[in-house]
Structure formats: C-alpha cells, structure tokens
Amino acid sequence: MIRINENYRKLKPSYIFFEIADKVEQYQSENPDADLIHLGIGDVTRSLPQACIKAFHKSVDELGNRHTFRGYGPANGYAFLREKIALEDFQKRGADIDADEIFVSDGAKCDTGNFQELFADDVAIAIQDPVYPVYLETNIMAGRTGNLTNDRYEKVIYLDGTIENGFIPEFPDRPVDLIYFCFPHNPTGATITKSQLEDWVIFVKEHKALILFDAAYEAFIRDDSLPRSIFEIKGAREVAVEFRSFSKTAGFTGTRCGYTVVPKACTVYDEAGLKTMLHPFWKRRQSTKFNGVSYPVQRAAEAIYSDEGKEQVKERIDYYLSNASMVCNTMDELQLSYVGGKNAPYIWINGNGRDSWDFFYTLLTKAGIVITPGVGFGKCGQGYIRISAFNTRENIQTAMSRMKKVLLEKPSKETETI
Ligand code: PLP
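All values derive from a computational prediction rather than experimental measurement.

Honestly, the site of the ligand in this entry has me stumped. Any pointers?
Taken together, 14 residues lie around the ligand, and Asn186, Asp214, Tyr217, Ser245 and Ser247 are the ones closest in. Residue Ala108 places a main-chain N or O atom 2.7 Å away from an oxygen atom belonging to the ligand. Between the ligand and Arg256 there is a distance of 2.7 Å, counted from an oxygen atom to a side-chain nitrogen or oxygen. Split by residue class, the shell around the ligand holds 6 nonpolar, 4 polar and 4 charged.

Looking at this structure, I do not really get the sheet that holds strand S14 (residues 346–350). What am I missing?
Sheets are built from strands that pair by backbone hydrogen bonding, the pairs being arranged parallel or antiparallel. Strand order in the open sheet formed by 4 strands is S13-S14-S17-S16, and the pairing between neighbours is antiparallel. The sheet is open, and its two edges are formed by strand S13 (338–340) and strand S16 (372–373), each paired on a single side. In the sheet, S16 pairs with strand S17 (residues 384–388) via 2 bridges, with the strands oriented antiparallel. Across the sheet, Pro373 pairs through a bridge with Ile385, a residue of S17.

Honestly, the environment of Val204 in this entry has me stumped. Any pointers?
Among the secondary structure elements, Val204 is positioned in helix H6 (residues 194–206). Each C-alpha atom of the pair Val204 and Asn150 lies 29 Å from the other, and the pair is 54 residues apart in sequence. Residues within four places of Val204 in sequence aside, it is in contact with Ile179, Ala209, Leu210, Ile211 and Val239.

Any chance you could explain the environment of Phe252 here in plain terms?
Its place among the elements puts Phe252 in the loop between helix H7 (247–250) and strand S10 (258–261). Distance in space between the C-alpha atoms of Phe252 and Ile385 is 26 Å, their sequence separation being 133 residues. If we ignore the near neighbours within four places in the chain, the residues touching Phe252 are Leu48, Cys52, Phe246, Ser247, Cys257, Val297, Ala300, Ala301 and Ile304.

Sorry, what's going on with the packing of helix H10 (residues 307–334) against helix H12 (residues 393–408) here?
The relative placement of two packed helices is expressed as an angle between their axes plus a distance between the axes. Remark: H10 packs on H12, axes separated minimally by 10 Å, with the N-to-C direction vectors making an angle of 10°. When the interaxial angle is binned, H10 and H12 end up roughly parallel. Where H10 abuts H12, its residues Tyr319, Ser322, Asn323, Met326, Val327, Thr330, Met331, Glu333 and Leu334 lie against Arg393, Ile396, Gln397, Met400, Met403, Lys404, Leu407 and Leu408. Here the contact of H10 with H12 is composed, by residue class, of 10 nonpolar, 4 polar and 3 charged.

I tried to follow the sheet that holds strand S3 (residues 125–129) on my own but got confused; where do I start?
Strands sit in the order S2-S10-S9-S8-S7-S3-S6 across an open sheet of 7 strands; the sheet is mixed. Two strands bound the open sheet, and with one partner strand each, they are strand S2 (102–105) and strand S6 (157–160). Between one strand and the next, the sheet's axes are offset by a mean angle of 20°, whatever the strand orientation.

What is the right way to read the pairing of strand S8 (residues 210–214) from this model?
A regular strand places its side chains on the two faces of the sheet in alternate fashion. Burial analysis of S8 places 5 of its 5 residues in the buried class, the great majority of the element. Bridge count between strand S7 (residues 178–182) and S8: 5 bridges; the pairing is parallel. Within the sheet, the bridge partner assigned to Ile179 lies in S8 and is Ile211. Tracing the backbone out of S7, into H6 and back to the parallel element S8 gives a crossover that is right-handed. Strand direction decides the pairing type here: S8 and strand S9 (residues 240–245), joined by 4 bridges, are parallel. Looking at S9, one finds that Asp214 is bridged to Phe243.

Conventions we followed
Residues numbered from 1 in each chain as written. Predicted model: local features only at pLDDT ≥ 70, side-chain atom pairs only at ≥ 80, totals over all residues. Heavy atoms only, no water. Near = heavy atom within 4 Å. Polar contact = N/O pair within 3.5 Å; in protein donor to acceptor, adjacent residues only side chain to side chain. Nonpolar A, V, L, I, M, F, W, Y, C, P; charged D, E, K, R; others polar. Pairing = 2+ DSSP bridges. Helix = DSSP H or I, 4+ residues; strand = E, 2+ residues; numbered from the N terminus. Contact = heavy atoms within 4.5 Å. Axes fitted to C-alpha atoms, helices over the stretch in contact; angles between N-to-C directions. Parallel < 35°, antiparallel > 145°, perpendicular 65-115°, else oblique. Buried < 20%, exposed > 50% of the residue type's maximum accessible area, 1.4 Å probe, protein only. Right-handed = clockwise from strand over helix to strand, strands pointing away.

Dropping the structure here:
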C-alpha cells in the first residue's frame, strides 16, 4: 500500500503567498475595475543588467558551435564563477572563503530547503519568528517539528522577533542544534551588527550547534559597518553555512542562480560524538540530486562581477533602496513605526493595534494596495504588515499617496476597523 508522508498534513493549508494571491484574485474578480498595486511578493521589477544579457547571448552562441559546446557541467558549478564569487564576495571583504567551498545552485530557496537533509531526524531546530517560511516548512516535511498547537510547532524553538529586541533574537533557553538566521531579514528588513553576530558565533561554538545563514539580501547593505557575510566573523568558518542568491541582487528571480558556502573547516558531530566535516556531505548530496546550473546562466552570473555588471547592479539596488526610503518617509508622515527599509528592501510596519489581516483588507479594498500581512510569517508578525520596495517608482508613489489618503482620512463608520 502506497502511503503518504503524513508530515505534509502538519503544514498549514497553503504557502502564505498563494493564500494572498487567492484572496486578491477573488477580490479582483468581484471588482474587475480595481486598479491594484502589488507591494506584496518580493519579486524584482527591473530587467537583468545588460552585462548579464551580453554574457547570455555570447554563451548561447558557444552552445551552438561544436567546438565550444558544453554538456553536463560540474554539479558544484563552473570554476570561472566560483573563483569570482570567492574573490569578490568574500576574500575582498576579508572573509577566508575558497572557490572549492562554493556550490553554485539554482537559488537559495532550494538550498535553504534542502540543507536540512544532512542532519539527524531529531536535531533541535531554532527559527526566527517572523520568518521566511521555507526553513520551517521543509523541517515540517522532514518530520522534525511535531504538531501544531496554538499556532506553534511543539518541537521548534522559536526565536521571537519583537519591537523590544529590534527583531534580533535572544539566545534560546533550551538546547539547540541547528539555527536558521536571515540577515538582512525577510520579512522585517532588520540587520544584525558584527558584535551581535560574534556573540551568536561564540554561542553556537559553546553548544556544538550550527548556524545556517541566509544572506539573500546582503547586496542591500549600504552601512559598511554591518556584516554582509557571516564569514566576516572570526571563527564562523567552523560553525556556519551561508546561502546567497542572485535573485534580488541582479534580478535573477526568473533566471535562477545562487550559491551555498560550506567551509571545509565547518564540522558537525556523528552518532559517537566525533567531529566530522560537513563539506563532503553537501558535496555528496548535490552530486546525487543535482546536475548543476546551465552554462549560460552561470556566464550571466559571472558578468555581475565585471566592472560594467557591478555598476548596473548597484544602480538597480539604489533604485529599490530609494523606493524603500519613499515608503519610510510615508510611514513617518503617517506616524506608523517601522523597521527595515535602510539596508534592506522590506519595510516592516507596526499597525498600531490593527490585526494584520484587517490591515491587509483595508489597504486592499480602500487603497487598492496589496501588502503582506505580517502574521503570515509567524505569530510574532501579528499586528504588522510588510511592504516590499521591489516595484516601479511610479507605483510606489501612487501607492504611498493612496495609503496616506486612506489612513489620514477621519475615521467614519466604514474605516473604524483600521
Ligand atoms: N531566502 C530569502 C530570505 C528570501 O526572501 C528568498 C526569496 O524571496 C529566497 C531565499 C529565495 O531566493 P532564490 O530566488 O534564490 O531561490
């Protein structure tokens, strides 16, 4: 008898973004004339940099020539890309990472979701709340979380993000083995300082634990004192793995490319309590289950590191950051407190006592704006909404003036809920 993995039944019925899409679709079908502006999902709106397009064209032509054609590539990525990554993203920032510690992939969603396969079924996992849903949901699928009671999975250690701690988690009060971190943080846009990250590296060392560090938004860091990589922290090579993505950096959300760094110094423990290197396990996993990223995509990713590519990437990130600062200015005018929006593309807004979904519906029905209700990212997100800066300047301007109009107007019977 073929049986289902019962852990899948422990998942909440739908992924937050599908739930929002369903609600918006329903509203749009009932209000076909509504001109909605989507400030919800974090997808980019700017095209790929020209440097990447040029590299694409050139490499596609190579595939059409029998002398330069390429078939299967290395599962961990071509050396030409890994070497650029190691030099530009790590060594130039003083982080000791080598090209053969890098695994090129089709993006950080797959890697952050797949990495948990390497660990024992009963490791204790700690996850930030609010959180990018993939870390939690892939652990639910793997059977590590227990059941859902009172909106929390019983075996998960939640690292609560609150206004009081600035969405930087405090150390857990229970033993923990695997810690998922994301900075700059999705959904709150919070950033971690070097000294805060140093404290966590010391903590995981003491507890023989491991940090999985998702740095998908590092390109948005403009404050040079903030770490872009966990490997800028002394000793992190032994206790951390880092995930990166070209999605938000260079508009690769549809093109698909990212990478994972597993330092050779990074160790975990076997059944007997003996230290073992993690690197060969991820290598083995990838070579069994993954066949590499296509050659033209890797050439396009390589072009991000050319002078032309760097300039075009910076211009795009600057554009989104100035959208974000426009949102922040509006929130100041509305006297709504928020975090993020400075070194991150997300603005996490406190609804001043409003329920997240109520705030969502108010903005949808009265302002024609789609945002993400904070509670969709976890219990601690209740009362907040997330606005994404990935949009055109015109849409951000229109959305902000609509929001001001709706939220500054005097409460009438209909608007009392907001
Ligand atoms: N990690 C975080 C924190 C994200 O917010 C996202 C996408 O929104 C991803 C990973 C996924 O990145 P990719 O497009 O490389 O799969």
